[in-house]
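# Examining the three-dimensional arrangement
Spelled out, the chains give:
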Amino acid sequence: SQTIHQWPATLVQPVGSPLSLECTVEGTSNPNLYWYRQAAGRGLQLLFYSVGIGQISSEVPQNLSASRPQDRQFILSSKKLLLSDSGFYLCAWTQGNGNEKLFFGSGTQLSVL
Amino acid sequence: SQELEQSPQSLIVQEGKNLTINCTSSKTLYGLYWYKQKYGEGLIFLMMLQKGGEEKSHEKITAKLDEKKQQSSLHITASQPSHAGIYLCGADRSNFGNEKLTFGTGTRLTIIP
C-alpha cells in the first residue's frame with residue numbers, strides 16, 4: 001500500500017533563517033506531488049506541484065521554492081523565512097492518471113518568529 | 001474572493017442531530033471532493049463527485065453535487081463525536097484532469113454531548 005511521510009511535524013524558526021521540509025511517498029512510482037499551505041482562517045493554497053523529477057510548477061509567487069531530486073521525494077525550501085511564511089504545510093500526491101484523488105501527509109506546522 | 005465558499009464557517013451541533021455543510025463555486029465545477037481534517041493533521045478523503053446530480057454516501061455522511069448551481073452539500077445524519085473536525089471541499093479547476101484542486105476555507109464542526 002502507498003504511504004506518504006512528511007517531516008518535521010512542527011517547526012519554529014526565526015525570521016531570516018532557511019527552511020527545508022521533506023516529503024516522501026512509498027508504494028507507488030511516478031506520482032504527481034504537491035505542496036499546499038493552510039494559513040489561519042484561510043483555505044488550502046496550492047504552492048507547487050510536480051509531475052516528474054526536476055519538474056516543478058509554481059502556483060503563486062512567493063518566498064519559497066520546491067525541488068524534486070528523486071521520483072518520490074519532494075522538498076519545500078526557503079533561503080530566508082518571512083513572518084508571513086507561517087502556516088500549516090501539507091504535502092500530497094496523486095496517481096497521475098487523471099484521477100484527482102489527493103492523498104495528504106500529516107502536515108508540518110511552521111511558526112516563524 | 002474565494003473560488004470556493006463554504007458555509008457555515010463553523011458549526012456546533014448536539015450529538016445525534018443532523019447537519020449540512022455547503023460548498024459553492026464561483027466557477028464551473030468539473031469535479032468536487034470532500035475531505036475531513038482533524039486539527040493539526042492531514043486531510044482524509046471522504047468522497048468525490050463528478051456528475052451533476054450525483055450523490056454518494058459513506059456511513060452516515062452523504063454528499064450531493066448540483067452542477068447547475070455549482071454547489072455541493074455534505075449532510076451528516078445522527079452526528080457523533082467522531083464527526084468533529086474541519087470539512088473541506090476541493091474542486092477541479094479544469095476538465096482536463098490536471099489534478100490541481102482548489103480548496104474552500106473549511107467548515108469547523110464541533111459535536112457537543
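Presented here is an overview of the structure given in this document.

Conventions we followed
- Residues numbered from 1 in each chain as written.
- Chains lettered and ligands numbered in written order.
- Predicted model: local features only at pLDDT ≥ 70, side-chain atom pairs only at ≥ 80, totals over all residues.
- Heavy atoms only, no water.
- Salt bridge = Lys/Arg side-chain N within 4 Å of Asp/Glu carboxyl O.
- Helix = DSSP H or I, 4+ residues; strand = E, 2+ residues; numbered from the N terminus.
- Buried < 20%, exposed > 50% of the residue type's maximum accessible area, 1.4 Å probe, protein only.

Time to look at the pattern of salt bridges. All names here are of chain A. Tallied over the full model, the rule gives five salt bridges over all chains. Put simply, D85 and R37 hold a salt bridge, and the shortest N to O gap is 3.9 Å. Residue D85 is located in the loop between β8 (73-78) and β9 (87-94), and its partner R37 is located in strand β4 (residues 32-38); the two are separated by 48 residues in the primary sequence. There is no split in this pair, since D85 and R37 are both buried. Across the pair D71 and R68 runs a salt bridge, and its minimum N-O distance is 3.2 Å. Here R68 falls in the buried class, since its relative accessible area comes to 3%.

As a further point, take unusual backbone geometry. What is expected of a backbone is that most residues other than glycine have negative phi and most peptide bonds are trans. Each neighbour pair has its own omega, and for W7 of chain A with P8 of chain A the value is 0°, a cis peptide bond. Looking at the element boundaries, P8 of chain A is found in the loop between β1 (3-7) and β2 (10-13). In this model, S7 of chain B is joined to P8 of chain B through a cis peptide bond whose omega is -10°. Within the fold, P8 of chain B resides in the loop between β1 (4-7) and β2 (10-14).

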